[in-house]
Amino acid sequence: MPNAVITGTGGYVPPRVVTNDDLVQQYGIDTSHEWIHRRTGINERRFADEGVGSAEMGEKAARLALEAAGLEPQDLDMILFATLSPEFCFPGSGVLLQERLGLCEGPRARFVPAMDIRNQCSGFLYGLGTATSMVQSGACRHVLLVGGETHSAALDLTTRGRTVSSLFGDGAGAVVVSASDEDRGIRGWWLGADGRYAEVLCQKVWDIRRRPFIPQNEEGVGQVEPDMMWAHMEGKRVFRAAVERMCEAVLTACTAQGITGDDVDLWLFHQANMRINQYVANTLGIPDDKLLHNIDRYGNTTAATIPLLLDEAVRSGRLQPGMKVAMVAFGSGFTWGSAILDW
Ligand code: ACO
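Residues numbered from 1 in each chain as written. Predicted model: local features only at pLDDT ≥ 70, side-chain atom pairs only at ≥ 80, totals over all residues. Heavy atoms only, no water.

A. A look at the packing of aromatic side chains. Counted by the stated rule, this structure contains six aromatic pairs. Consider the rings of Tyr-27 and Phe-47, whose centres lie 6.3 Å apart with planes at 70°: the pair is edge-to-face. Taken as a pair, Tyr-27 in the loop between helix 1 (20-25) and helix 2 (33-40) and Phe-47 in the loop between strand 3 (44-46) and helix 3 (54-69) lie far apart in primary sequence, 20 residues in all. On the accessibility criterion, Tyr-27 (26% relative accessible area) is partly exposed. For Phe-47, a relative accessible area of 1% corresponds to the buried category. Residues Tyr-197 and Phe-334 carry aromatic rings whose centres are separated by 5.0 Å and whose planes lie at 15° to one another, so their mutual orientation is stacked. Here the residue Tyr-197 occupies a position in the loop between strand 8 (185-193) and strand 9 (201-202), and Phe-334 occupies one in the loop between strand 13 (324-331) and strand 14 (335-342), the gap between them amounting to 137 residues. A relative accessible area of 24% places Tyr-197 in the partly exposed class. Here the aromatic residues Tyr-197, Phe-330, Phe-334 and Trp-336 are joined through ring pairs into a cluster of three or more. Lying over the aromatic face of Tyr-298, Arg-297 brings its terminal NZ or CZ to 5.1 Å of the ring centre. (Phe/Tyr/Trp six-rings, centres within 6.5 Å; stacked < 30°, edge-to-face > 60°. Helix = DSSP H or I, 4+ residues; strand = E, 2+ residues; numbered from the N terminus. Buried < 20%, exposed > 50% of the residue type's maximum accessible area, 1.4 Å probe, protein only. Lys NZ or Arg CZ within 6 Å of the ring centre and 35° of its normal.)

Here it is, written out as structure tokens:
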């Protein structure tokens, strides 16, 4: 069985910076830098311009990852796209990315499978597990995995929506997972879910059980009431479950690998809230200098947080060959996951 190795990473965030003060001054939200920073660690986030979607940002990250891997899009055997903010209800962002990468035309067209992963903040790790399995089974030699989100278009940027809208930002991260004979790579991955909490953190927009799925007015125009349009989050319940499940996912991963936390050189936690991550790190005795963050600069970019962190660690030289890396995430569903890699 070949090993599954990350051979390239890439990241992209849109250029427009929105600070906590901008939420007050530009959007008129009744909040403050002090409130947001103290509870979440966020200073600013990026918002994409109108017209830009997850596949476009994902393409930018993917091209950097392919370049780092020394590959062309035509070398890929599969595309996985983890997102909760695809361009459309259907199809997913994966096929849009395939087309953007130039895989659908000309003599070098490659109609490789493209699949979206709908696991929110855990989407990247669900994708990493899938990519690893595809590579280790021999079905694929190179899998492109992208986590990309365009949250800014779906945030209630008013005082009514401040609890959720102050948390999220846009961006994309990508990795190429390749088959290798080298004795390194993704050593293991663990995923979990608990559907009892599906509605504790959700964005419904519509309900397919309704007839029609979005109510219409007399002119036949769809009417989405605010409770359905915007994300619903019971913040304290999410916080508690995140801490518990992330600790559990880390311990499961370490136990399965026969290692302790001390053996890990670099920890990449999902970036939902700096306080959640500090709580998990304190509980598990993980020192600050082994834990990377980008929530201060990007907010919660959901499926993109871990690949963005990984790309920053690679490009800054923080991550060096031979290091052991642990990743862990928790999010809507509830879903969670972890992975251990030898870089
Ligand atoms: N600015 C100012 N006041 C605010 C803001 C804001 N941005 N947001 C909420 N408030 C107010 C509320 O209206 C409320 O006011 P009230 O007491 O007058 O009703 C008060 O602050 C307290 O609100 P809570 O929701 O109880 O605040 P809490 O201390 O729980 O903090 C937070 C909210 C930061 C969202 C916290 O619950 C949290 O971090 N939960 C984890 C959720 C999370 O990380 N979600 C990310 C998505 S899931 C994932 O990625 C894991």
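The rest of the description comes next.
B. Spotlight on the site of the ligand. By nearness alone, 23 residues border the ligand, and Thr-31, Cys-121, Lys-236, His-270 and Asn-273 come closest of all. In this structure, Thr-31 approaches the ligand through a side-chain N or O atom, which is 2.5 Å from a nitrogen atom. Note that an oxygen atom of the ligand is positioned 3.3 Å from one of the side-chain N or O atoms of Arg-39. Alone, the ligand offers 1000 Å² of accessible surface; in the complex the protein occludes 73% of this. For the shell around the ligand, the secondary-structure elements that each account for two or more residues are helix 2, helix 6 (162-165) and helix 8 (235-257). It is helix 8 that contributes the most residues to the shell around the ligand, four residues altogether. A domain-level breakdown of the shell around the ligand finds at least three residues from each of domain 1 (3-182) and domain 2 (186-199 + 231-342). (Near = heavy atom within 4 Å. Polar contact = N/O pair within 3.5 Å; in protein donor to acceptor, adjacent residues only side chain to side chain. Areas by Shrake-Rupley, 256 points an atom, 1.4 Å probe, with all protein chains shown as cover. Domains from an automatic or database assignment.)

C. Broad picture of the domain arrangement of the protein. Split into domains, the protein comes out as domain 1 (3-182) and domain 2 (186-199 + 231-342). Centre-to-centre, using C-alpha coordinates, domain 1 lies 17 Å away from domain 2. Counting from both sides, the interface comprises 51 residues of domain 1 and, opposite them, 42 residues of domain 2. Between domain 1 and domain 2, roughly 3400 Å² of surface is buried when both sides are summed, and carbon and sulfur atoms account for 62% of that area. Looking only at domain 1, the three residues that lose the most surface to domain 2 are Cys-121, Leu-125 and Tyr-126, adding up to 19% of its buried area. For the interface between domain 1 and domain 2, the tally reads zero salt bridges. Across the domain 1-domain 2 interface, the total number found is 21 residue pairs in polar contact (both at pLDDT 80 or more). Elements that contribute at least two residues to the side of domain 1 that touches domain 2 include exactly strand 1 (3-12), helix 2, strand 3, helix 3, helix 5 (123-136), strand 6 (142-149), helix 6 and strand 7 (171-180). Across the side of domain 1 that touches domain 2, the residue classes tally to 21 nonpolar, 23 polar and seven charged. (Contact = heavy atoms within 4.5 Å. Buried area = accessible area lost by both parts, 1.4 Å probe. Salt bridge = Lys/Arg side-chain N within 4 Å of Asp/Glu carboxyl O. Nonpolar A, V, L, I, M, F, W, Y, C, P; charged D, E, K, R; others polar.)

D. Representation of the state of the cysteines. Under the defined criterion, the tally for this structure stands at zero disulfides. For the unlinked cysteine Cys-104, the closest cysteine sulfur is that of Cys-140, found at 16 Å. The partly exposed category is assigned to Cys-104, whose relative accessible area is 25%. (Disulfide = S-S within 2.5 Å.)

E. Fine view of the nonpolar core. Core analysis: the largest hydrophobic core is formed by 35 residues, its most contacted members being Ile-6, Leu-128, Val-177, Leu-268 and Met-327. It is helix 5 that provides the largest number of residues to this core, a total of six residues. Of the residues that make up this core, three or more belong to each of domain 1 (3-182) and domain 2 (186-199 + 231-342). Leaving out residues up to four positions away in the same chain, Val-177 has contacts with Ala-4, Val-5, Ile-6, Leu-128, Ala-131, Val-135, Arg-141, His-142, Val-143 and Ile-186. Ranked by size, the runner-up nonpolar core spans 28 residues in total, among them Cys-247, Ala-249, Leu-291 and Ile-340. (Core = buried A, V, L, I, M, F, W, Y, C linked by side-chain atoms within 4.5 Å.)

F. Focus on the pattern of salt bridges. This model, assessed by the stated rule, comprises 24 salt bridges. Salt-bridge contacts for Arg-297 lead to Asp-296; the nearest nitrogen and oxygen are separated by 3.8 Å. Classification of Asp-296 by relative accessible area gives partly exposed; the value is 24%. The network of salt bridges with shared partners includes Glu-56, Glu-59, Lys-60, Arg-63 and Arg-100.

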